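Structural features, examined
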Amino acid sequence: MPTIRVLQVEDNQRDAERVLAELDGDGIAYEARRVDDEMRFVGALREFDPHIVLSDLSMPGFSGRQALDLLRQQDEDLPFIFVSSTLGEEAAIDALRNGATDYILKENPARLASAVRRALAEAEARKARRRAETELVRVQRFESLAMLAGGLSHDLRNLLQPLLLAGDSLQDYQDDPRLVRLGALVRDCGKRGLDMVHSMLSFARGARRAEQVRLGVLFNALDLLMRGSVPHAVSMELAIDDPQLSFEGNHTELQQCLLNLCLNAIQAMPDGGRLRIETAQTRLGTDFFLSREDPREGLYLRISVIDTGKGMAPEVLERMFEPFFTTKADGTGLGLLSCQRIVDNHDGLMRVDSAPGRGTRFDLYIPLEQQDAAKPEHPEHLEGAAERVLVVVEEAAQLSLLANMLDAYGYQAYACQSGTAALQWIEACGLPELVVLDADMNLLTGVRTLAALVEQGYNGAVILLAHPDAPPDLQGLPLLEHLFVIDKPVTTRMLLRTLRKALGA
Ligand SMILES: Nc1ncnc2c1ncn2[C@@H]1O[C@H](COP(=O)(O)OP(=O)(O)OP(=O)(O)O)[C@@H](O)[C@H]1O
Ligand SMILES: [Mg+2]
């Protein structure tokens, strides 16, 4: 233990020395200062900056209770121990209730050294926990902001669209210069609004810094942050196979993701249990990947967070990644969503295994070798060049996400919530360069919309989003040369790739 600063509130020099002798006897290295009035006490808190306060109960003109109250006004965690000869049982309980850490009787000082050690250790743990909580609150606040920005930007875009069109139409009134000027103004405002929408979108996507993450450093930080939060009834084990391993990623993001998973695990074990975090390197073959995932074989880092808690029922498992889905009274329901985003940012995968009563296991897979020379030299070209893409999807949230995503990648997306709307759009604005179409629509089905599009003269490429277990019935359709079917749920990468392929075709 490093040298600690001990502030004694005591009017009796001899008593003060006796207390310090206990610390000497236990080999605790310290620097001590003694005060016995309010002014010096407050001054010493500031200048001496003690690690711990040892206080007598009463002295002429000042009292331990006053000292305690003064301390607690500025520091909730600093240990404060009453050392007194007169403390009765009731007074002791009262002292503890008012924020004292412990109390020791002068007649029986043997307990003092161990009480000091324990108080300091507990204060350290409390501080670590506070840091962890502050960090989590900060990132979750960021997360909700990013989601809000994502949602708002779509609404704003819809709102600005007519402004741009109106501005353009006013340009037609060439014989009235005032109208032309007004038109230019309106269009200008609309454009600037759109720019703002775009910067909101890039914020929502999260500006991310890639760096070399060292596994050992990542887990030391996690250990430090977690140690104070793990209740006594929960045992935590860390099994890091290769602390020296380093890989490309983002330290802060991964730390946040692991904190979220660990806190979830702890919250699932109110009556105690085991939290185990382990890492391993593993090679994933094509058979590991789900149909909607991009099967990228290779070496991965697996990070597993395993708890022996209450586990999840199927209906919770199904919804746990939904924004704001929570089963907790004070949960935000953003923890797992943010984990998902972070793992996606690392081009990684996530797997969950959980059942009621059996505990829960989250496995994160972070690719270790995909950033080989191949990537920087031939970065995959996924950006659009302002191609006009008509997106026809009935479900509003899905539609908004797709349109935003395409916009963010440099396409001009036009969102239609039904086949009929799509046909009207074409009538008003002409044929788009590409159509992305949901196969499962209720009013005018994807396939019938397709037929109508072809009738209107569309012969470009079509990307159909379909459920793998309910493939669209394409019988009786006029032959479409460039039809691409993607399984739902759609991933960004898959859609962007298919888009490039379709536009190339
Ligand atoms: N390890 C786990 N064991 C049991 N249930 C879990 C576990 N992890 C997540 N869940 C379930 O998934 C839900 C969503 O988790 P998520 O972390 O997204 O939000 P939350 O924990 O409820 O809220 P917050 O993270 O803001 O505290 C939880 O409410 C819980 O029902
Ligand atoms: Mg959570």
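Residues numbered from 1 in each chain as written. Chains lettered and ligands numbered in written order. Predicted model: local features only at pLDDT ≥ 70, side-chain atom pairs only at ≥ 80, totals over all residues.

Turning our eyes to something else, we now look at the overall build of the protein chain. Across its full length, the protein chain holds 15 helices and 19 strands. Relative to the globule expectation of 23 Å for 505 residues, the C-alpha radius of gyration of the protein chain, 32 Å, shows a markedly less compact shape. In terms of principal-axis extent, the alpha carbons of the protein chain reach across some 100 × 65 × 45 Å. Classification of the 505 residues of the protein chain by burial places 30% in the buried group. Sequence separation of 24 or more characterises 68% of the internal contacts of the protein chain that already satisfy a separation of 6 or more. (Helix = DSSP H or I, 4+ residues; strand = E, 2+ residues; numbered from the N terminus. Rg over C-alpha atoms; globule rule 2.2 N^0.38 Å. Buried ≥ 20, exposed ≤ 12 C-beta atoms within 10 Å, placed from the backbone. Contact = placed C-beta atoms within 7 Å.)

Before going further, it helps to spend a moment on the site of ligand 1. Taken together, 23 residues sit near ligand 1, with Ala 268, Thr 326, Gly 331, Thr 332 and Gly 335 positioned nearest. At the level of elements, α8 (251-267) and α10 (335-345) are the ones that each hand at least two residues to the shell around ligand 1. Counted by class, the shell around ligand 1 contains 9 nonpolar, 11 polar and 3 charged residues. (Near = placed C-beta within 6 Å. Nonpolar A, V, L, I, M, F, W, Y, C, P; charged D, E, K, R; others polar.)

Looking now at the sheet that holds strand β9 (residues 234-239). Spatially, the 5 strands line up as an open sheet ordered β9-β11-β12-β14-β13, and their pairing is mixed. Lying at the two open borders of the sheet, with one neighbouring strand each, are β9 and β13 (349-355). Neighbour to neighbour, the strand axes of the sheet diverge by 15° on average, direction disregarded. Looking at chain direction, β13 and strand β14 (residues 359-367) are connected through 7 bridges and run antiparallel. (Pairing = 2+ DSSP bridges. Axes fitted to C-alpha atoms, helices over the stretch in contact; angles between N-to-C directions.)

This brings us to the packing of helix α13 (residues 419-429) against helix α14 (residues 446-455). Relative orientation of the contacting elements α13 and α14 amounts to 15°, with a least axis distance of 10 Å. Taken together, the axes of α13 and α14 lie roughly parallel to each other. Both α13 and α14 take part in a crossing whose hand is right-handed. Each of Gly 419, Ala 422 and Leu 423 in α13 lies in contact with α14, whose residues at this interface are Arg 448, Thr 449 and Ala 452. Of the residues that constitute the contact of α13 with α14, the class distribution is 3 nonpolar, 2 polar and 1 charged. (Parallel < 35°, antiparallel > 145°, perpendicular 65-115°, else oblique. Left-handed = near helix turned anticlockwise from the far one by under 90°.)

Turning our eyes to something else, we now look at the environment of Glu 22. Within the secondary structure, Glu 22 sits in helix α1 (residues 13-25). On the neighbour-count criterion, Glu 22 (20 C-beta atoms within 10 Å) is buried. It is 66 Å that separates the C-alpha atoms of Glu 22 and His 198, two residues lying 176 residues apart in sequence. Not counting chain neighbours up to four residues away, the residues in contact with Glu 22 comprise Pro 109, Leu 112 and Ala 113.

Another aspect to go through is the domain arrangement of the protein chain. The parts lose accessible area when they come together, and the size of an interface is often stated as this lost area. Each domain of the protein chain was delimited in the assignment, giving domain 1 (4-107), domain 2 (140-205), domain 3 (211-370) and domain 4 (383-504). Look at where the C-alpha atoms of domain 1 and domain 3 centre, and you get two points 44 Å apart. (Domains from an automatic or database assignment.)

Before going further, it helps to examine the sheet that holds strand β3 (residues 52-55). Reading across the sheet, the 5 strands line up as β2-β1-β3-β6-β7 and stay open at both edges, with parallel pairing between neighbours. Edge positions in the sheet fall to β2 (30-35) and β7 (102-105), since each has one partner strand and no second. The sheet shows a mean angle of 20° between the axes of neighbouring strands, direction not considered. Two elements, β3 and strand β6 (residues 80-84), share 3 bridges in a ladder whose sense is parallel.

Structurally, Leu 254 can be placed in helix α8. Separated by 89 residues in sequence, Leu 254 and Val 343 have C-alpha atoms that sit 8.0 Å apart.

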